[in-house]
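The primary structure of each chain is shown beneath.
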Amino acid sequence: MTILPLPELRQPMQRPSGMARLRNAAVDFLRHMRRRWYLYLPIFIIWALAYLRRVFTELCAAGFDYFKIDFLFAGLRLGRRYDERLSPVEAYRAGLRAIREAIDGAPASSAATGEPVRRYLLGCGAPLLPAVGLVDGMRISPDVKESWRDPKVAWLTRGATHPAVEQMLPGCMTRAFLHGALWANDPDCLLVREEASQLTLPEVQTLVSVLSLTGGLLVLSDDIGALSAERRALAEQVLPPLGEPARALDALTEERPERFVRLHARAAGREGAAGAGERHEVLAALINWHDGPLERLLVPSELGAELGGVPGFDRRGGLHAFELWSERYERIAPGQSIHSVIDRKS
C-alpha cells in the first residue's frame, strides 16, 4: 500500500460518495495487485487514519498475518497537510503507527484454528530512521533484478539507484549492522536461475555470498522445481541463515565496499573434552566490482583475522583458508599473504 500526501486535498471529504470511491479503490487494489494498481491515501486527514486501521483490522480478520507496505518514502514528500503543525516525519509516523496499532490490536489467535498468531510488518522503500519501532523488518537495499547492471535505466535515472544487482549489494553490506538492532534486515530476494536471467555464474555467486552474510531475511524468488541441481545447490548455500550479520570493513572509506566479513566463534571439540575451547572462523566475501578478473594479495588481518591474536586459530599461529567457489584449500603461515584471483564479480 502506497501512502502519499496529496497537496490538493486541503479539507476532509464530507460527501459519502468520497468514502465510497475510496473503499472501491481499496477493493480494486487488492484484486488487481499484479496489474500494479495503487491506492493513495491522504494520511494527514483524520478519517484516512481511521480507514487505514479498519482496512488492516479486516485483513487480520481475513487471516493475513504478513504485511509488506511499499513506496513509503512517498509519505515524506513535501506538500501541504491537513494538520500543518505536523512535520513530514510526524505525518509519516502517524500513518505507520495506525497500521501497527491495527495489526497489534487485532485478535491474537486465528478464528479458524484458535492458534496464536504473530503478525509481521515489513517496510519497503522506506526512510529508515523514521520507521524505527514501528516495523518488524525493513528492506535495506534497492530492488534486485536478473541483471548486474542496466545501462539504459542508469542513463534514464541519471545515476540514481535502480533495480540491478550492482546497485543493491552496497546497501545490503553497509546497512547489515542494523539487523537485530532496529529490526530484521530484508536484503531482497535471491536469484539463482539460469533461464530468464542475464546474470553470469560469478555474478550469482556474488549475490549468494553477500545475502548469506547479511544475517537477515532470506527469500528465494525462483521456482525451486524448475532449478537444475547445480543452481539449487547454490541456493542451499545460504541455509541455515546465520542470524548475525557480517560487517563491511571499508564502509566508511569506499562507496562500494570490497570486504564483507563475519568473525564467528564456536565451541571446538567435544563438550567437556580436554583442550576444548572456542574455535574462531572468519567468513569473508571479497567483492570484485570491476568488469574483469581481480588479482589480490591479502594479509589475513585485512579480513579481520589477526594471526595468532585470536584464541582457537592454529596453535602454530597460522590459519586454514578455504575458498568456497573454487574449492581451494590453503594453510596461511604467519607473515604469509593470501593470493586470490577473483573472476568478474565472484
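Note that this is a predicted model, so its numbers are computed, not measured.

Chemist: Would you take a moment to explain the overall build of the protein for this structure?
Modeler: Along its length, the protein carries seven helices and 13 strands. The buried share of the protein, reckoned over its 346 residues, is 43%. Contacts spanning at least 24 positions in sequence make up 65% of the contacts within the protein whose residues lie at least 6 apart. Accessible area for the protein stands at about 19,300 Å²; split by element, carbon and sulfur atoms hold 54% of it.

Chemist: Would you take a moment to explain the sheet that holds strand β5 (residues 137–139) for this structure?
Modeler: The strands that make up a sheet are held in pairs by hydrogen bonds between backbone atoms, and each pair lies either parallel or antiparallel. Strand order in the open sheet made by the four strands is β3-β4-β5-β6, with parallel pairing throughout. Only two strands of the sheet have a single partner each, and these edge strands are β3 (66–69) and β6 (184–186). The average undirected angle you get between the axes of adjacent strands in this sheet is 25 degrees. Sheet topology places strand β4 (residues 120–123) next to β5; two bridges connect them, and they run parallel. Across the sheet, residue Leu122 finds its bridge partner in β5, namely Gly137.

Chemist: I tried to follow the pattern of salt bridges on my own but got confused; where do I start?
Modeler: If charged atoms from side chains of opposite charge come close, those side chains can pair. Under the defined criterion, the tally for this structure stands at 18 salt bridges. Its salt-bridge partner being Asp143, residue Arg139 comes within 2.8 Å of it at the nearest N-O pair. In this structure, Glu194 and Arg231 form a salt bridge, with 3.9 Å as the shortest nitrogen-oxygen distance. Within this pair, whereas Glu194 is found in the loop between β6 and α6 (201–214), its partner Arg231 is found in helix α7 (residues 229–236), the two being separated by 37 residues in sequence. Note on Glu194: relative accessible area 46%, which makes it partly exposed. Salt bridges linked by common partners bring Arg139, Asp143, Asp186 and Asp188 together as one network.

Chemist: Mind showing me how you'd approach the confidence of the model for the protein here?
Modeler: Note that predicted coordinates carrying low pLDDT should not be read in detail. A residue-level look at the protein finds 75% of positions with pLDDT of 70 or above and a mean pLDDT of 79. Of all secondary-structure elements in the protein, the lowest mean pLDDT belongs to strand β1 (residues 2–3), at 48, while β5 reaches the highest, 97. In this model, residues 1–18 is a region of pLDDT below 50 whose contacts with residues beyond four sequence positions or in other chains number 53 contacts. Low pLDDT, under 50, characterises residues 27–39; the stretch is placed with 14 contacts to residues that sit more than four places away or in other chains.

Thresholds, definitions, all that
- Residues numbered from 1 in each chain as written.
- Predicted model: local features only at pLDDT ≥ 70, side-chain atom pairs only at ≥ 80, totals over all residues.
- Heavy atoms only, no water.
- Helix = DSSP H or I, 4+ residues; strand = E, 2+ residues; numbered from the N terminus.
- Buried < 20%, exposed > 50% of the residue type's maximum accessible area, 1.4 Å probe, protein only.
- Contact = heavy atoms within 4.5 Å.
- Areas by Shrake-Rupley, 256 points an atom, 1.4 Å probe, with all protein chains shown as cover.
- Pairing = 2+ DSSP bridges.
- Axes fitted to C-alpha atoms, helices over the stretch in contact; angles between N-to-C directions.
- Salt bridge = Lys/Arg side-chain N within 4 Å of Asp/Glu carboxyl O.
- pLDDT = per-residue confidence, 0-100.

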